[in-house]
Every structure is written in structure tokens, then in C-alpha cells.
Number of protein chains: 2
Amino acid sequence: MASSPNDILENGLALTPRYDAAGLIAAVATHAETGEVLMLAWMNAQALDKTMSTGEAHYFSRSRNELWHKGATSGQVQVVEELRIDCDQDAVWLKVWPQGDGGACHTGQRSCFYRVIEGGKLVKRP
Amino acid sequence: MASSPNDILENGLALTPRYDAAGLIAAVATHAETGEVLMLAWMNAQALDKTMSTGEAHYFSRSRNELWHKGATSGQVQVVEELRIDCDQDAVWLKVWPQGDGGACHTGQRSCFYRVIEGGKLVKRP
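What comes next is a walk through the structure. These numbers were taken from a predicted model, which means no experiment stands behind them.

Turning to the overall build of chain A, a few remarks are in order. Secondary structure assignment for chain A yields two helices and eight strands. Helices (α) and strands (β) of chain A occur, in sequence order from the N terminus, as α-β-β-α-β-β-β-β-β-β. Each principal axis of the C-alpha distribution contributes one length, and for chain A these read about 50 × 35 × 30 Å. Among the 126 residues that make up chain A, the fraction classed as buried is 37%. Sequence separation of at least 24 residues holds for 39% of the intrachain contacts in chain A that already meet a minimum separation of 6.

Laid out in C-alpha cells, this is it:
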């Protein structure tokens, strides 16, 4: 029975994202087939709406301060297989099919997480 | 050849996390075996240090404003299989082995992402 604000947030079936002071929620994209974490980015309400209405991942670019249709220039469009939201509705998880060259990172790597932390240093490992 | 600040950040092998104004970076934990995204949380420098030195996930609780050794009270300790950092070093990815009851979410669900967004509403789907 959903009654308290927390209950409604956690057990309810209404989409009520809790955007932070900057109007953003975190968004993690994984590869729909391999499960690899491809990137962690941000969405504002417009980006989430566009993602839902188009079926392609839209984020909010904090560096450019604008809506970012992933792949619009790079070709690395992400077709959304499934979109989930977490318990307190301040993060979403997108399972995506990367298009174009299959990459997600502007560095050319398949995933943005191409370095492992080992012994306080970084080791490149695809 | 790493030369510009961006090159060093993205191609270098030095761990230089870029904490936000609140001193935090995003941390996504996935199940080491299934790849399921379990939770999205936050780390400050101390949490990252503790995670590296103990091999168990530590986060920073924004609601309690304190270091959070995941599982210290719930038993849902997360043993870290691998720790990665992203291109611009403002997010980490932990592959973890959940201990205790195998859950990660305070609601009792295995993952915090137990609801799918469909048609603008939420559907519970483990």
C-alpha cells in the first residue's frame, strides 16, 4: 500500500523524477547485449522526454549546456531497448543498441570506462 | 602522446578524479556475474580511497552526509571485483559481488532499478 511520500516514490507506478538543483538526473547506459557500461551522463526533463518519445538516447551536455541527441554528429546513436528508473527516482538506466561504429565514447573507445584502477593507478583494458 | 590537459585526463595513467562542487563523483555498481546494474551512488575522495584499500564498496551518503560502508548494517557488503574510471574521470564503475542476501537496494529488491519506464509510467519488473 503506497501512502507515505517515500512509499509513493519507491513503490508507486508514477514517473516522478527527482531532478537535482541543476535540474538533472544521472543516466547510465549499458550495451543491450553485452551489459557493458558504456557511459554515465546526465538528463534534464527535456532529455528524458525526448528519449522516451524518440526511442533514442538524449542527454543534457553539462559542458555545452544544451540538449544532446547522442550520435547526432558522431553517428553513435543509441537505440533504447529498455529504460529503467531507480528506487528514489534520481537515476535512470538505459539498455541501448549503439549504432554507427558501435562506440559510445568521444575518445573512440567502445566504452568510456576503458581504464581499470589498480594499485592507485590506471591500466588501459578494453 | 599525452600533452594537453585533456590528453592527460583521458589518456594518462594517473588517477585524478574530477570531483564536483560537492566533492563527489558518480559511482555505478553492476553485478560481477550478471552485469545487472545494481545501484547508482556517489563517492567522495575518502569513499574512493576506502573502496580501493579495503576491496569493499564505500560510498558517500548524501542524505546522511557521511561515509557509507555499503552493507555495514544491512549485510549487503559489495566485494569489488574490478574498479574502472571513465574518460574524463568523473565517474567510476564497480563490478561487485553482493554479499549477505545478495541484494543491493534498501527496498529489499536485488537492484535499485526494479521499475521499467513504459509509456510514461512505471512497471515493476525485476
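The next subject is the interface of chain B and chain A. On the side of chain A, 29 residues touch chain B, which itself brings 29 residues to the contact. Those elements that place two or more of their residues in the side of chain B that touches chain A are β1 (25-31), β2 (37-43), β5 (78-85), β6 (91-98), β7 (115-118) and β8 (121-124) of chain B. The element contributing the most residues to the side of chain B that touches chain A is β5(B), with four residues. Residue classes in the side of chain B that touches chain A are distributed as 19 nonpolar, four polar and six charged. Of the strand pairs in this sheet, strand β5 (residues 78-85) of chain A and β7(B) are connected by two bridges, and their pairing is antiparallel. The residue of β7(B) that forms the bridge with A:Ile85 is B:Arg115.

Moving on to helix α2 (residues 45-54) of chain A. All names here are of chain A. Residues of α2 that are buried include every one of Ala47, Leu48 and Thr51, and no others. The buried residues of α2 occupy an angular sector of 100° when the element is viewed end-on, so they sit on one face. In this structure, the buried side of α2 is in contact with β2 (37-43), β3 (58-61), β4 (66-69) and β5.

With that settled, consider the relation of the copies chain B and chain A. Screw-axis analysis of chain B against chain A gives a translation of 0.0 Å along the axis, an RMSD of 0.0 Å, and a rotation angle of 180°. Between the two chains, the operation in question is that of a two-fold axis. In terms of proximity to the rotation axis, the leading residue of chain B is B:Gly35, whose C-alpha is 2.7 Å off the axis.

Rules used throughout
- Residues numbered from 1 in each chain as written.
- Chains lettered and ligands numbered in written order.
- Predicted model: local features only at pLDDT ≥ 70, side-chain atom pairs only at ≥ 80, totals over all residues.
- Helix = DSSP H or I, 4+ residues; strand = E, 2+ residues; numbered from the N terminus.
- Buried ≥ 20, exposed ≤ 12 C-beta atoms within 10 Å, placed from the backbone.
- Contact = placed C-beta atoms within 7 Å.
- Nonpolar A, V, L, I, M, F, W, Y, C, P; charged D, E, K, R; others polar.
- Pairing = 2+ DSSP bridges.
- Arc of directions from axis to C-beta.
- Least-squares fit on C-alpha atoms with pLDDT ≥ 70 in both.

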